[in-house]
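# Notes for the structure review
One letter stands for each residue in the lines below.
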Amino acid sequence: MEENKRIVFIDYIRVLACLMVMLVHASENFYGADSSGLAGSVSMLANGQNRFWVAFYDGALGRVSVPLFMIVSAFLLVPLRKGQTMTGFYHRRFLRILPPFICFLLLYTFLPLCWGGMTWEQSLTDFKSLPFNFPSMGGHLWFMYPLISLYLIIPVVSPWLERASARDELIFLGIFAFSTLMPWLHRFVQPELWGECFWNQYGMLWYCSGYLGYLVLAHYIRVHIQWSHRKKLTIGTICFLIGAVFTAWSFWWKGQPGLLIETPALEWSWEFCTPNVLLATFGLFLVFSCIRSTKAPAWIDALSRMSYGMYLMHMLYLGPIAAWIIGGSPANPALPVWLAIPVIAILTYICAAATTRLLSLLPGSKYIVGC
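Just so you know, these numbers come straight off a predicted model, no measurement behind them.

## Here's the deal with the packing of aromatic side chains
Taken as a whole and judged by the stated rule, the model has 36 aromatic pairs. One aromatic cluster in this structure is built from Trp184, Phe188, Phe246, Trp249, Trp253 and Trp268. Here the basic side chain of Arg51 rests over the ring of Trp252, its NZ or CZ set 4.0 Å away from the ring centre. Taking the ring centre of Trp253 as reference, the NZ or CZ of Lys254 above it sits at 4.8 Å.

## Some points on the nonpolar core
Of all hydrophobic cores here, the largest spans 109 residues; its most connected members are Tyr214, Leu215, Phe285, Met310 and Ile344. Broken down by element, this core gets its largest block of residues, 14 residues, from helix α13 (residues 298-326). Leaving out residues up to four positions away in the same chain, Leu215 has contacts with Ala74, Val78, Leu150, Ile153, Ile154, Val157 and Leu161.

## Re the packing of helix α3 (residues 65-77) against helix α12 (residues 275-288)
For the pair α3 and α12, the least separation of the axes is 10 Å and the interaxial angle reads 55°. It follows from the interaxial angle that α3 and α12 lie oblique. Once α3 is placed against α12, the crossing between them reads as right-handed. Packed against α3, whose contacting residues are Pro67, Leu68, Ile71, Val72 and Phe75, the element α12 presents Val277, Thr281, Leu284 and Phe285 at the interface. In terms of residue class, the contact of α3 with α12 is built from 8 nonpolar, 1 polar and no charged.

## Observations concerning a nonpolar patch on the surface
Taken together, the side chains of Phe52, Phe56, Phe188, Val189, Trp249, Trp252 and Trp253 present a nonpolar region at the surface, about 730 Å² in accessible area. Among the elements of the structure, α2 (48-62) and α10 (229-254) are those that each provide at least two residues to the nonpolar patch. Among the elements that take part in the nonpolar patch, α10 stands out by supplying 3 residues, more than any other. For Val189, the location among the structural elements is in the loop between α8 (182-188) and α9 (212-224).

## Side note on the environment of Ser149
In this structure, Ser149 sits in helix α6 (residues 144-163). The exposure class of Ser149 is partly exposed, given its relative accessible area of 42%. With 17 residues separating them in the primary sequence, Ser149 and Ala166 have C-alpha atoms 25 Å apart.

## Points about the packing of α10 against α12
The N-to-C vectors of α10 and α12 enclose an angle of 150°; their axes lie 7 Å apart at closest approach. Relative to α12, α10 is oriented so that their crossing is left-handed. The residues of α12 that touch α10, namely those facing Lys232, Leu233, Ile235, Gly236, Thr237, Cys239, Phe240, Ile242, Gly243, Ala244, Phe246 and Thr247, are Asn276, Val277, Leu279, Ala280, Phe282, Gly283, Leu284, Leu286 and Val287. Grouping the constituent residues of the contact of α10 with α12 by class yields 14 nonpolar, 6 polar and 1 charged.

Cut-offs used in this document
Residues numbered from 1 in each chain as written. Predicted model: local features only at pLDDT ≥ 70, side-chain atom pairs only at ≥ 80, totals over all residues. Heavy atoms only, no water. Phe/Tyr/Trp six-rings, centres within 6.5 Å; stacked < 30°, edge-to-face > 60°. Lys NZ or Arg CZ within 6 Å of the ring centre and 35° of its normal. Core = buried A, V, L, I, M, F, W, Y, C linked by side-chain atoms within 4.5 Å. Buried < 20%, exposed > 50% of the residue type's maximum accessible area, 1.4 Å probe, protein only. Helix = DSSP H or I, 4+ residues; strand = E, 2+ residues; numbered from the N terminus. Contact = heavy atoms within 4.5 Å. Axes fitted to C-alpha atoms, helices over the stretch in contact; angles between N-to-C directions. Parallel < 35°, antiparallel > 145°, perpendicular 65-115°, else oblique. Left-handed = near helix turned anticlockwise from the far one by under 90°. Nonpolar A, V, L, I, M, F, W, Y, C, P; charged D, E, K, R; others polar. Patch = residues over 30% accessible without salt bridge, like charges linked within 9 Å, V, L, I, M, F, W, Y side chains within 5 Å. Areas by Shrake-Rupley, 256 points an atom, 1.4 Å probe, with all protein chains shown as cover. Salt bridge = Lys/Arg side-chain N within 4 Å of Asp/Glu carboxyl O.

What follows is the structure in structure tokens.
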């Protein structure tokens, strides 16, 4: 499939998934007990309203954002174009994503110094760690590492996907779906599974789990699901609602207002490779695939092209906007919580879009914001 060929429903997904990412981070301000206002290792819900609306916005709506981006990438890039080599694929993809990524790694390391957001000591510590991980002020950049991993494996699995039958892919997807139970088994049954131990982290399902499953799912949907528009819409809606409701409920169930709780325990079913998130992602992708337009509105096309830069920079805006609206009290923000969370996300989205658009006018902007 041509990488530069516009697929309308993919553009809509990019636009929405980018907003969902900001909705997730806006929601964190209403349960994170970390001094930054975001969800760190410990969380606390101020009241029942925060408990419900975080579960709704962050859980039911936002959790599918990351796997949607993974599916979109795989949908467009797998299998490799005819005649494309592994080195050619790596050169094309990494030349597009790595320069902006490196640029923002440095920005999140040093830019907060301008407004006293961090000390020189912290900046230098972050700078020294950059070859190995994201900086402390750029936690959302974690996503880039599994995305890079996905790009690394695409040329390896692409030949198999070209030859695999629908049944072959379903067998793998069945194993992947089973592997999404592992976060629950780790938490509620046994911390080490199927060969995992302190000297071996590569358990039995290591090579059949993780975001690779979303890659295969994307190819299966594109090549083997030839359902009618009505069937896609019906099954997609049902799958999304079941997955979203469970994801929201899982947070609501564990979230007791006024109590400090370890964030992994609160977010026990919010990992991106859990059955509920997989089901919701599959469903929402099917729903969007029902869009029949042959050309997206200009603003959708523009936002889709800018989504990478918007993702990279959005945390620079979200923190100040959230602090302004929350006013230091997650229990009593300037706006009702049900309104505050989407307003923070939308204002951040607008600011990131405007900034990305302005930067895109500069020479060499593709090395800064990817467009």
